[in-house]
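Here are the chains, one letter per residue:
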Amino acid sequence: MPYKKLYALAGLGLLMPFSAFAQEADAVASISGADTAWLLISTALVLLMTPALAFFYGGLVRSKNALNTMMMSFFPLVVSGTLCAIAGYSIA
């Protein structure tokens, strides 16, 4: 008999973290426009930084390896953008 109570408490413990995702009506009112603008500006700067880094790394190697080196900088941008679109929106 004591095991049934233990299993019930374990099941309750598994469900408890999901209650943190519940939002109140006042949470939308607390979003700051300045914070959102800073987040968008920072994202744009990081997206502009990636091609600059690719050109920098491409200039450090021989010309026959430049395209490969530049693609190694662009590939993570594509992967992270895709993951952000798939996982980021589902989390948000």
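Residues numbered from 1 in each chain as written. Predicted model: local features only at pLDDT ≥ 70, side-chain atom pairs only at ≥ 80, totals over all residues. Heavy atoms only, no water.

> Is there a simple way to think about the overall build of the protein in this case?
What the protein contains, in helices and strands, is 3 helices and 0 strands. Counting the 92 residues in the protein, one finds 8% classified as buried. Summing over all exposed atoms, the protein offers an accessible surface of approximately 8,200 Å²; the carbon and sulfur share of this is 75%. (Helix = DSSP H or I, 4+ residues; strand = E, 2+ residues; numbered from the N terminus. Buried < 20%, exposed > 50% of the residue type's maximum accessible area, 1.4 Å probe, protein only. Areas by Shrake-Rupley, 256 points an atom, 1.4 Å probe, with all protein chains shown as cover.)

> When you look at the confidence of the model for the protein in this model, what are you seeing that I'm missing?
Interpreting fine coordinate detail is not advised for predicted regions of low pLDDT. Mean pLDDT over the protein: 76, with 67% of residues reaching 70 or higher. Element-level pLDDT for the protein is lowest in helix 1 (residues 2-15), with a mean of 52, against a maximum mean of 87 in helix 2 (residues 33-59). (pLDDT = per-residue confidence, 0-100.)

> Would you take a moment to explain the environment of glycine 58 for this structure?
Relative to the elements of secondary structure, glycine 58 occurs in helix 2. On the basis of relative accessibility, which here comes to 10%, the residue glycine 58 falls in the buried class. Along the sequence, glycine 58 and threonine 69 sit 11 residues apart, while their C-alpha atoms lie 5.6 Å from each other. Look past the residues within four positions of glycine 58 in its chain and what remains in contact with it is Ala66, Thr69 and Met70. (Contact = heavy atoms within 4.5 Å.)

> Would you explain the side chain of threonine 50 in this entry?
Relative to the helices and strands, threonine 50 is located in helix 2. Sequence-distant contacts of threonine 50, that is, excluding residues within four places in its chain, are made with Ser73 and Leu77.

> For this particular structure, what's the right way to read a nonpolar patch on the surface?
Together, Leu53, Phe56, Tyr57, Leu60 and Val61 give the surface a local cluster of nonpolar side chains, amounting to about 470 Å² of exposed area. Positionally, valine 61 belongs in the loop between helix 2 and helix 3 (66-91). (Patch = residues over 30% accessible without salt bridge, like charges linked within 9 Å, V, L, I, M, F, W, Y side chains within 5 Å. Salt bridge = Lys/Arg side-chain N within 4 Å of Asp/Glu carboxyl O.)

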